[in-house]
Structures are given as C-alpha cells and as structure tokens.
Amino acid sequence: MAAEGKVTGQSQEQFLLLAKAARGAALASLIHQVLEAPGIYVFGELLDMPAVRELADSEFSPVFRLLTIFAYGTYADYLAEAANLPPLTEAQKNKLRHLSVVTLAAKIKVVALFFPEFSLHWDYLVLVTIMFPQCIPYSVLLEQLQLKNVRQLEDLVIEAVYADVLRGSLDQRNQRLEVDYSIGRDIRREELSTITRTLQEWCQGCEVVLSGIEEQVSRANQHKEQQLALKQQIESEVANLKKTIKVTTAAAAAATSQDPEQHLTELREPAPGTNQRQASKKTSKAKGLRGSAKIWSKSN
C-alpha cells in the first residue's frame, strides 16, 4: 500500500505539472485522464489552478463542472446533471462511486457524533464514534450508487478496499457495510467556517473531559490521604494501648515484688496445683457419696 501511495503521489504531481502548461481542449483532455487515473481521489490542487478555473467560463465548462463533482459531489449528483455533463467511462463511474461511499460514511459518522441517545454529554459522543464503526445499509448504497444487485455492490466495495479508499467489512447477514476508516475528500472554501466551529466545540468538549478527570484524580488523592491518616491514627492508638498495658502490668508486679513479665504470665495461666486440688475435692465427694450409700443399705 505504501508503494502504491508513492506511485499515486508521483502521478498526481505529473498531472499538475502538465496542467500548468495546458490550455483549452488539451487541459480538458488532461482532466479526463486525471478522473480516470487509478489512485487519485483528491482534486483540490487541480481545481485551484488558474487555467482550470478559466474553463468554468468557456466552452469546456461541463468538464469543469464534472471535476467539481468528483471533488465534492457524489454519483447521485452526476446523475442529476448527466444530460449537461460529459459521459463517464467505467473506470470514472467506479471512482465516483468510491467517493460516494466515502461521503455516505462521513455523513453517518456526523449523525453518530451528534446522536443524543448515546450519552448525556457531548464530550462523550466522540468516544462513541471511535468505538462503533459507521454502518451503511446495502439498500442505501444500492440506491445511491445505482447498482443492480448486491454482488455488484460487494465487488465495488472490495475494489475500494484494495484501492485503500476505505477499510471495513461486509456484514452479509445484516446487509450492511461497516466502515472503520475512509479517506478525506476535498473541502469547499465555504465549509471552512463550519469545520472551524466543529473543531472549537470538540476542543471545548476535551477541556470538559480533562477537567472531569482532574476532579476525579483530586478526589482520589483526598480519599487516599484520609485513609493514610486513619491508618496512622489506628497504629498510634494500638501503640498507646500496648504502653498502657505494660505500665499497668509493671505497677502490679512492683506491688507484689515480682518480675513484671512473670506477673503477667501468672495472670494469664492458673497457678500449679490448682487442678490437683480440684481433682482431690471431686474424689473426696465421690467417696462420701459411696459411704452414705452403704449406711443406707444396712439400715434397711
């Protein structure tokens, strides 16, 4: 694709050099060659040339009008004025149809960008256009491109993909074209103000998103600081509690003239011999019960 793009760029430069010296019928013929040449889909530089603009007021005005349709219009625009325009070759028809698909993808992208149900805020809609491809139904393509059947449509789309005009996939199950990428087309001078306004709105949306992210980061940092302070407080209270227990144990041991650690151990464990005394008490009780039982039987 890179090599093909390089060749295309060189071909376009050659046509531009030839157009500087051409006039009248020679220039009109050169324009037809440009419209038919594979890989050339941008015509703004050619339209800006003074010699080309002079064709608009000459007998070759239909050729100039045809060039403007290739630069800004669609195949449907050509059909609407076909009676006043030169006929197209098959290669020119396919190229204009490729450009029409690009225009349809751009229009659907704008609709997705400003569709209100995707999000409550404009600044999130930009993300929606990145995540979801532009889907063009087969029915719309067949109507706009004036193709007879789906086979012709799919062949045209595959040709456009190989020409690097667009990238996407054919969804035959849902009968639609999913466009992930498409080339940019020429822009009219009167559209520059609209583009500038759109870019300004996009920048404002980016600033809103950025301020929201900064606010979330600030809240996260505050929460982190609060948790660290709480952790330090708990650790300090635990340390103070340990000190209090040690001091209390030392004071109690000093009162009994014992080692503090030994005193603390005695408080935790029962004194030796306690279990033996309890066991002897239980044994003596059991013997007393057996002896009373014997006396009771003799008296009977």
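- In the nomenclature of an unreviewed UniProt entry, the chain is known as CSN7A protein of Pachyramphus minor.
- Within the UniProt record for the chain, the comment given under Sequence similarities (unreviewed entry) is "Belongs to the CSN7/EIF3M family. CSN7 subfamily."

**As for the overall build of the chain**
Thought 1: The number of helices and strands found in the chain is 13 helices and three strands.
Thought 2: Classification of the 300 residues of the chain by burial places 27% in the buried group.
Thought 3: In the form shown here, the chain has an accessible surface area of approximately 20,400 Å², with 57% of it arising from carbon and sulfur atoms.

**Focus on the packing of helix 9 (residues 138-145) against helix 10 (residues 150-162)**
Thought 1: Where helix 9 contacts helix 10, the two axes come as close as 10 Å, and the packing angle between them is 85°. Here helix 10 runs roughly perpendicular to helix 9, going by the angle between their axes. Where helix 9 abuts helix 10, its residues Tyr 138, Leu 141, Leu 142 and Leu 145 lie against Val 150, Leu 153, Glu 154 and Leu 156.
Thought 2: Here the contact of helix 9 with helix 10 is composed, by residue class, of seven nonpolar, no polar and one charged.

**Some words on helix 11 (residues 192-255)**
Thought 1: With 64 residues, helix 11 should reach 94 Å at 1.5 Å per residue; the first-to-last C-alpha distance of 94 Å fits that figure.
Thought 2: Every buried residue of helix 11 is listed here: Gly 205, Thr 249 and Ala 253.

**Topic: the sheet that holds strand 2 (residues 166-171)**
Thought 1: An order of 1-3-2 is seen for the three strands of this open sheet, with the pairing classed as antiparallel. Either end of the sheet is taken by a strand with one partner, and the two such strands are strand 1 (134-137) and strand 2. Mean inter-strand twist for the sheet, computed between neighbouring axes without regard to direction, equals 25°.
Thought 2: Across six bridges, the pairing between strand 2 and strand 3 (residues 176-182) is antiparallel.

**So, empty space enclosed by the protein**
Thought 1: Per the stated rule, a full pass over the model turns up two cavities of 30 Å³ or more.
Thought 2: In terms of lining residues, the largest cavity is bounded by Gln 12, Phe 15, Leu 16, Val 34, Ile 40, Val 42, Phe 43 and Leu 46.
Thought 3: Of the residues forming the lining of the largest cavity, the biggest block, three residues, is contributed by helix 1 (residues 2-21).
Thought 4: Of the pockets and cavities examined, the second largest cavity occupies roughly 30 Å³.
Thought 5: Lining the second largest cavity are Arg 97, His 98, Val 101, Leu 156, Val 157, Ala 160 and Leu 166.
Thought 6: Listing elements by their share of the lining of the second largest cavity, those giving two or more residues are helix 7 (90-113) and helix 10.
Thought 7: When grouped by side-chain class, the residues that make up the lining of the second largest cavity number five nonpolar, one polar and one charged.

**Quick word on the nonpolar core**
Thought 1: Judged by nonpolar contacts, the single largest core of 51 residues is most densely connected at Leu 27, Ile 31, Phe 43 and Leu 46.
Thought 2: A total of seven residues in this core trace back to one element, the largest contributor, which is helix 5 (residues 61-72).
Thought 3: Lining this core are residues from two domains, each supplying at least three of them: domain 1 (1-72) and domain 2 (90-114 + 125-186).
Thought 4: Those residues in contact with Ile 31 that lie beyond four places of it in its chain are Leu 46, Val 52, Leu 55, Val 63 and Leu 67.

**Some details on the packing of helix 2 (residues 24-36) against helix 5**
Thought 1: Between helix 2 and helix 5, whose axes approach to 10 Å, the crossing angle comes to 25°. Classified by the angle their axes make, helix 2 and helix 5 are roughly parallel. Handedness of the helix 2/helix 5 crossing: left-handed. For the pair helix 2 and helix 5, contact is made by Ala 28, Ile 31, His 32 and Leu 35 and by Val 63, Leu 66, Leu 67 and Phe 70, respectively.
Thought 2: Grouping the amino acids of the contact of helix 2 with helix 5 by side-chain chemistry returns seven nonpolar, one polar and no charged.

**Here we look at the UniProt feature "coiled-coil region" (unreviewed entry) in the chain**
Thought 1: The UniProt record marks residues 224-251 with the feature "coiled-coil region" (unreviewed entry), using the residue numbering of this structure.
Thought 2: Here residues 224-251 runs as 100% helix and 0% strand, with 41 Å between its end C-alpha atoms.

**Examining helix 9**
Every α-helix winds through 3.6 residues per turn, so residues three or four apart in the chain are directed the same way.
Thought 1: Residues Tyr 138, Leu 141 and Leu 145 constitute the buried set of helix 9. One side of helix 9 carries all its buried residues, which in axial view fall inside an arc of 65°. In helix 9, those exposed residues whose orientation departs by more than 90 degrees from the buried face are Ser 139 and Glu 143.
Thought 2: The positive-phi residue at the C-terminal boundary of helix 9 is Gln 146, with phi of around 55°.

**What to know about the confidence of the model for the chain**
In low-pLDDT regions, the fine details of the predicted coordinates are not to be read closely.
Thought 1: Confidence along the chain averages 79 in pLDDT terms, with 74% of residues attaining 70 or more.
Thought 2: Within the chain, helix 8 (residues 125-131) has the poorest average pLDDT of any element, 40, and helix 6 (residues 75-80) the best, 94.
Thought 3: Under a pLDDT of 50 for its full length, residues 110-131 has, in the predicted model, 22 contacts with residues more than four places off or in other chains.

**Some points on a nonpolar patch on the surface**
Thought 1: Together, Ile 187, Leu 192, Ile 195 and Leu 199 make up a nonpolar patch on the protein surface, roughly 340 Å² of accessible area in all.
Thought 2: Tracing the chain through its elements places Leu 199 in helix 11.

Conventions we followed
- Residues numbered from 1 in each chain as written.
- Predicted model: local features only at pLDDT ≥ 70, side-chain atom pairs only at ≥ 80, totals over all residues.
- Heavy atoms only, no water.
- UniProt positions renumbered as here; feature names shortened; annotations may be inferred.
- Helix = DSSP H or I, 4+ residues; strand = E, 2+ residues; numbered from the N terminus.
- Buried < 20%, exposed > 50% of the residue type's maximum accessible area, 1.4 Å probe, protein only.
- Areas by Shrake-Rupley, 256 points an atom, 1.4 Å probe, with all protein chains shown as cover.
- Axes fitted to C-alpha atoms, helices over the stretch in contact; angles between N-to-C directions.
- Parallel < 35°, antiparallel > 145°, perpendicular 65-115°, else oblique.
- Contact = heavy atoms within 4.5 Å.
- Nonpolar A, V, L, I, M, F, W, Y, C, P; charged D, E, K, R; others polar.
- Expected span 1.5 Å × (residues − 1).
- Pairing = 2+ DSSP bridges.
- 1 Å grid on protein atoms, 1.4 Å probe; cavity = no way out; pocket = protein on both sides within 12 Å on 5 of 7 lines; lining within 4 Å.
- Points joined across faces, edges and corners; volume = space filled by probe spheres on them.
- Core = buried A, V, L, I, M, F, W, Y, C linked by side-chain atoms within 4.5 Å.
- Domains from an automatic or database assignment.
- Left-handed = near helix turned anticlockwise from the far one by under 90°.
- Arc of directions from axis to C-beta.
- pLDDT = per-residue confidence, 0-100.
- Patch = residues over 30% accessible without salt bridge, like charges linked within 9 Å, V, L, I, M, F, W, Y side chains within 5 Å.
- Salt bridge = Lys/Arg side-chain N within 4 Å of Asp/Glu carboxyl O.

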